[in-house]
2 protein chains.
Amino acid sequence: MQRAAALVRRGCCPGPLGPWRRCRSSAAAEAPAVLQVRPERSRRERILTLESMNPQVKAVEYAVRGPIVLKAGEIELELQRGIKKPFTEVIRANIGDAQAMGQQPITFLRQVMALCTYPNLLDSPSFPEDAKKRARRILQACGGNSLGSYSASQGVNCIREDVAAYITRRDGGVPADPDNIYLTTGASDGITTILKILVSGGGKSRTGVLIPIPQYPLYSAVISELGAVQVNYYLDEENCWALDVQELRRAVREAKEHCDPKVLCIINPGTPQSRKCIEDVIHFAWEEKLFLLADEVYQDNVYSADCRFHSFKKVLSELGPEYSSNVELASFHSTSKGYMGECGYRGGYMEVINLHPEIKGQLVKLLSVRLCPPVSGQAAMDIVVNPPRPGEESFEQFIREKESVLSNLAEKAKLTEDLFNQVPGIRCNPLQGAMYAFPRIFLPPRAVEAAQAHNMAPDMFYCMKLLEETGICVVPGSGFGQREGTYHFRMTILPPVEKLKTVLQRVKDFHIQFLGEFA
Amino acid sequence: MQRAAALVRRGCCPGPLGPWRRCRSSAAAEAPAVLQVRPERSRRERILTLESMNPQVKAVEYAVRGPIVLKAGEIELELQRGIKKPFTEVIRANIGDAQAMGQQPITFLRQVMALCTYPNLLDSPSFPEDAKKRARRILQACGGNSLGSYSASQGVNCIREDVAAYITRRDGGVPADPDNIYLTTGASDGITTILKILVSGGGKSRTGVLIPIPQYPLYSAVISELGAVQVNYYLDEENCWALDVQELRRAVREAKEHCDPKVLCIINPGTPQSRKCIEDVIHFAWEEKLFLLADEVYQDNVYSADCRFHSFKKVLSELGPEYSSNVELASFHSTSKGYMGECGYRGGYMEVINLHPEIKGQLVKLLSVRLCPPVSGQAAMDIVVNPPRPGEESFEQFIREKESVLSNLAEKAKLTEDLFNQVPGIRCNPLQGAMYAFPRIFLPPRAVEAAQAHNMAPDMFYCMKLLEETGICVVPGSGFGQREGTYHFRMTILPPVEKLKTVLQRVKDFHIQFLGEFA
């Protein structure tokens, strides 16, 4: 223990995950002589340290599973060990994982997946015929008729065809070409792959990537990893987080001083962008020579009666050939959100429009290094795009389950918005889509000072206190970006209604107390 | 069509994957005037082109699914369209995908996976109790008791515990710590992640990564993507592809002239390295401050009676504390190989030894950006490390299936080695492990000249001819690396025995004819 104490004094400290190791060779002088081995071999600095590691990786942050979530995990362990707290459970409202919060999977989807996994079940009377038909179609397209074979790197052919057919139907007949469809390991994988291909140049020619603030922190993380330049454009909080092309213009103009802005990322929804706005964005992207990334994973999560989902592809196709044949666009979808909530399967696809054929070849080449996305996730995606149809045996149950999930989410969206807006010092925009509230919190100056004294962002200080006093884990707005001097947090709307009400009440109580404490 | 012809003359050509698009704005001059739109908007160079893309990605090659495999796909389409060829099917002997070649999945594994996928089946009398027990254990450890939730980024806790227990048993009691286990999306994902963290520096300080020649082209591809420096060390063909530490020494010495060699990758098996060799490698890595990557995905595929699998971890643990507490090692395993062949599930893990705790924190942070590996793949990995035990209901069938697969592979390994060695101009080392033959082919000088006239590597020329004349798709040795002036190809031993015999006979016939043609 003496050596331990000495090392602690030198600043070596336990890591977040487990027992620490000796980390400084300066400790060598204290080492007792060890026979047969030169002393400097006994204690030597690691090859891989914070100093020697990839600096681009070091700069990466991902707030959705960042420090506050690690803290939530520690608190859970304390609860398990019987340590008394003002609450009995940690509520993880940090991450868009519906099934973790009790949402049930869609029965038909899991039936088809089970049939694909263990084809003996094709002889079982317990499975409906339409599920068996889907499973056979998938299996016949797999090597060795098995989910266990690698697929083509672009994904199983018939699944890409099904995705293209889905997009065509969704967009009212605007044709999608299966050749432009790439199945991916969740949408994150597709987004990362496209960004990887796009980023080039150095110095002032380094690729700039425009991302919305608030963003989804995959974007900033990948930009960091790739050493690209993050260019923020601010969504308009006063206007339901709408996108304003003037703000895009401002961002690009300033960015050109120090980088080569080449990519424009839109999350649609987040806020379901209006059709006019999407048209303006496409025009702007064309003018400014920006490659468009449309993250549309929440396309099934639109709650507000005033809003609809408009796909970038569809709007682009209706702008006339000079745009529809030229604007380069990649759109992304996933099995993780919507009414499916199949996060763990890592299913996703991207549709690419107007990519140079040689680039498509490069894309497949890059994807081939990782062989293929998980075939089980591809199968899940197939059912998402090819669900039971009217007249089919499983249709009624499917529609019932789907509508139940979506109406439940819509109810919770409204509940959350209303309750937050009743709290003095909290202001919450209508939740028109996706799965999160991003309320603004007005923090008293004394709270901001206290945060700074703790060397924490004020909203992190707030969220940590919320976690420690109520067990509710949300993510501070600083993890997503926000206008200077404003504070927010992101909370999911996913817990079951009754639990959500409790959560919202506790947040309210906490907030009022917080205001009092730092008045 | 006039415009098309003009563009073709300019050098725009069909891409490998689909219809080409207009690719040069110089075509603008020929454009008929289009109302309402300025001409330069009608045809404009793409934002994303071979010139503007990420040069590191452009440099990436992955031979296992490279040009010859694309050609094989084209030929398959031609066969489907009824075009007559000297053969009726393409045999894809390029990739280590056992189930695609007819190998059956392990029944118990798929039963557990089906139970996890569709838990209603837990009430079915058609599933054995031991499978249900495994499934319940996995589901209880998942959020919402569902494979559809994200897991912790490091992987489901109890699966990591099971992996640690497996490693401990495998290594005769040398303890593995679950905290050092990271579940990954296939081994490729773990290898990529570790390399990503390791690579740093610039110019002559750029990280050098030692890889064996012949290699598995994931390594060269990732090194290329990361802009690291590939440092080749040659395995000894005259000595069954053994690793020679003198050759490592040579490689490191020369590498230091132009980079900072920091990482040593070993594929074990490939050739199952002897225990003495592994000790020497570890000593060498310690001396030269090299981070060890041990790719052990074929640890269940050792056929030769003279060889055994020795894990790097076990050997390291027996070298005494100055090594076992200090040498930094990452070992990798996968569900894709062995007797399981579950490639499509993308299951894998890595065990890290002696990593700085702060680095482990960085690792989790980096993994968190992609949220988690596919939970279905994690479940598959769990069954691999936690199979039926003696006395359990499913044990007999499991052992029967496992031994059937492995003895079948061993039979095919011997068959392949023997048959290739009967062919004049082919010399094949004993296949001691893994799933591939890498025979040396002695090409007549006229064949080498013909290849050069076609602007192809001689072994690519040979393999293309083989594919076109027999339908057999193998990968030229140049895709894996080989000593200058030698030629090889890599062929899997995975087709069923009778088909494999036919394949080998056809390769023999082709080779003899080839020698005659270019005598």
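Residues numbered from 1 in each chain as written. Chains lettered and ligands numbered in written order. Predicted model: local features only at pLDDT ≥ 70, side-chain atom pairs only at ≥ 80, totals over all residues. Heavy atoms only, no water.

Overview of the overall build of chain A
Looking only at helices and strands, chain A has 19 helices and 14 strands in total. For a compact globule of 519 residues, the expected C-alpha radius of gyration is about 24 Å, and chain A comes in at 25 Å, within 12% of that figure. Overall, the C-alpha framework of chain A stretches about 75 × 65 × 60 Å when taken along its three principal axes. Out of the 519 residues belonging to chain A, those deemed buried represent 64%. Considering only contacts within chain A whose residues lie at least 6 apart along the sequence, 69% involve residues at least 24 apart. (Helix = DSSP H or I, 4+ residues; strand = E, 2+ residues; numbered from the N terminus. Rg over C-alpha atoms; globule rule 2.2 N^0.38 Å. Buried < 20%, exposed > 50% of the residue type's maximum accessible area, 1.4 Å probe, protein only. Contact = heavy atoms within 4.5 Å.)

A closer look at the pairing of strand 3 (residues 207-213) of chain A
Residues and elements named next belong to chain A. With seven of its seven residues buried, strand 3 lies for the most part within the structure. Neither face of strand 3 is exposed, since Thr207, Val209, Ile211 and Ile213 on one face and Gly208, Leu210 and Pro212 on the opposite face are all buried. When strand 3 meets strand 5 (residues 260-267), the two strands line up parallel, connected through four bridges. What sits directly across from Leu210, in strand 5, is Leu264. (Pairing = 2+ DSSP bridges.)

Notes on the relation of the copies chain A and chain B
Once chain A is rotated about the relating axis by 180° and shifted along it by 0.0 Å, it coincides with chain B to within an RMSD of 0.0 Å. Both copies of the chain, as the preceding transformation shows, are related through a two-fold rotation axis. Judged by C-alpha distance, A:Ala114 is the residue of chain A that lies nearest the rotation axis, at 2.5 Å. A symmetric contact is evident, with 100% of the interface residues of chain A recurring at the interface of chain B. (Least-squares fit on C-alpha atoms with pLDDT ≥ 70 in both.)

Some thoughts on the side chain of B:Thr107
Its location among the elements puts B:Thr107 in helix 5 (residues 107-117). With residues near it in sequence (within four places) discarded, B:Thr107 still touches A:Tyr118, B:Gln397 and B:Glu401.

So, the interface of chain A and chain B
With 111 residues of chain A in contact, the opposing surface of chain B contributes 111 residues. Roughly 9700 Å² of surface becomes buried between chain A and chain B when both sides are summed, with 57% attributable to carbon and sulfur atoms. Taken together, the links from chain A to chain B amount to four salt bridges. Here B:Asp189 and A:Arg370 are joined by a salt bridge, their closest N and O atoms 3.9 Å apart. Taken together, the connections running from chain A to chain B amount to 59 residue pairs in polar contact (both at pLDDT 80 or more). Ranked by residue count, the leading element in the side of chain A that touches chain B is helix 14 (residues 357-368) of chain A, at ten residues. (Buried area = accessible area lost by both parts, 1.4 Å probe. Salt bridge = Lys/Arg side-chain N within 4 Å of Asp/Glu carboxyl O. Polar contact = N/O pair within 3.5 Å; in protein donor to acceptor, adjacent residues only side chain to side chain.)

Brief notes about the sheet that holds strand 13 (residues 475-476) of chain A
Taken in spatial order, the three strands make up an open sheet running 10-14-13 (chain A), and their pairing is antiparallel. Only two strands of the sheet have a single neighbouring strand rather than two, namely strand 10 (436-437) and strand 13 of chain A.

Structural notes on helix 5 (residues 107-117) of chain A
Counting buried positions along helix 5 of chain A gives eleven out of eleven residues, so the element sits mostly inside the fold. Residues of helix 5 of chain A that are buried include every one of A:Thr107, A:Phe108, A:Leu109, A:Arg110, A:Gln111, A:Val112, A:Met113, A:Ala114, A:Leu115, A:Cys116 and A:Thr117, and no others.

Quick look at the sheet that holds strand 4 (residues 229-234) of chain A
Residues and elements named next belong to chain A. Across the sheet, seven strands lie side by side as 2-8-7-6-5-3-4; this open sheet has mixed pairing. Across the chains shown, the open sheet's two edge strands, defined by having one partner strand only, are strand 2 (181-185) and strand 4. Taking each pair of neighbouring strands and ignoring which way they run, the sheet shows an average axis angle of 25°. Across five bridges, strand 2 lies against strand 8 (residues 347-353) in antiparallel orientation. (Axes fitted to C-alpha atoms, helices over the stretch in contact; angles between N-to-C directions.)

Structural notes on the packing of helix 5 of chain A against helix 15 (residues 375-385) of chain A
Residues and elements named next belong to chain A. Running from N to C, helix 5 and helix 15 cross one another at 140°; their axes reach a closest spacing of 10 Å. When the axes of helix 5 and helix 15 are compared, the pair comes out oblique. The hand of the helix 5/helix 15 crossing is right-handed. Taking contact as the criterion, the partners of Phe108, Leu109, Val112 and Met113 in helix 5 are, on helix 15, Ser376, Ala379, Ala380, Ile383 and Val384. The class makeup of the residues in the contact of helix 5 with helix 15 is eight nonpolar, one polar and no charged. (Parallel < 35°, antiparallel > 145°, perpendicular 65-115°, else oblique. Left-handed = near helix turned anticlockwise from the far one by under 90°. Nonpolar A, V, L, I, M, F, W, Y, C, P; charged D, E, K, R; others polar.)

Points about the UniProt feature "domain: Aminotransferase class I/classII large" (unreviewed entry) in chain A
Following the UniProt record, the feature "domain: Aminotransferase class I/classII large" (unreviewed entry) maps to residues 111-506 of chain A here. For the annotated span residues 111-506 of chain A, helix accounts for 43% and strand for 15% of the residues, and the straight-line distance between the end C-alpha atoms is 39 Å. (UniProt positions renumbered as here; feature names shortened; annotations may be inferred.)

What about unusual backbone geometry?
With the exception of glycine, most residues fall at negative phi, and the peptide bonds are largely trans. Here the amide bond leading from B:Ile213 into B:Pro214 is cis, since omega sits at 0°, within 30 degrees of zero. Tracing the chain through its elements places B:Pro214 in the loop between strand 3 (207-213) and helix 9 (218-226). In this structure, the amide linkage connecting B:Asn268 to the following residue, B:Pro269, adopts the cis form with an omega of -15°. With respect to the secondary-structure elements, B:Pro269 resides in the loop between strand 5 (260-267) and helix 11 (275-287). Not every positive phi belongs to a glycine, and A:Leu371 is a case in point at roughly 70°. As for its position among the elements, A:Leu371 is in the loop between helix 14 and helix 15.

Description of the confidence of the model for chain A
Residue and element names in this part refer to chain A. Scored by pLDDT, chain A comes out at a mean of 91, with 92% of its residues at no less than 70. Note on residues 1-42: pLDDT is under 50 here. Beyond four places in sequence and across chains, it has 56 contacts. In the predicted assembly, ipTM is 0.90 and pTM is 0.91. (pLDDT = per-residue confidence, 0-100.)

So, the packing of aromatic side chains
All names here are of chain A. This structure, assessed with the given rule, holds 30 aromatic pairs over all chains. Look at Phe461 and Phe518: their rings are 5.8 Å apart centre to centre, the planes differ by 75°, and that puts the pair in the edge-to-face class. Of the two residues, Phe461 sits in helix 18 (residues 458-470) while Phe518 sits in the segment after helix 19 (497-517), which places them 57 residues apart along the sequence. Exposure remark for Phe461: the relative accessible area of 8% places this residue in the buried category. (Phe/Tyr/Trp six-rings, centres within 6.5 Å; stacked < 30°, edge-to-face > 60°.)

Considering the state of the cysteines
Residue and element names in this part refer to chain A. Inspection of the entire model under this criterion finds zero disulfides over all chains. The structure places no disulfide on Cys240, whose sulfur is separated from the nearest cysteine sulfur, that of Cys307, by 7.3 Å. Overall, the relative accessible area of 19% leaves Cys240 in the buried class. No disulfide involves Cys473; its sulfur sits 8.5 Å from the nearest other cysteine sulfur, which is in Cys463. The buried category is assigned to Cys473, whose relative accessible area is 0%. (Disulfide = S-S within 2.5 Å.)

Regarding the side chain of B:Asp459
Residues and elements named next belong to chain B. You can see Asp459 is positioned in helix 18 (residues 458-470). Buried charge without a salt bridge: Asp459, with Arg440 as the nearest opposite-charge side chain at an N-O distance of 9.7 Å. Among the polar contacts made by the side chain of Asp459, one reaches the main-chain amide nitrogen of Gly477 at a distance of 3.4 Å. Contact partners of Asp459, with chain neighbours within four places excluded, come to Ile441, Leu443, Pro476, Gly477, Ser478, Gln482, Tyr487 and His488. (Lys, Arg positive; Asp, Glu negative; His and termini not counted.)

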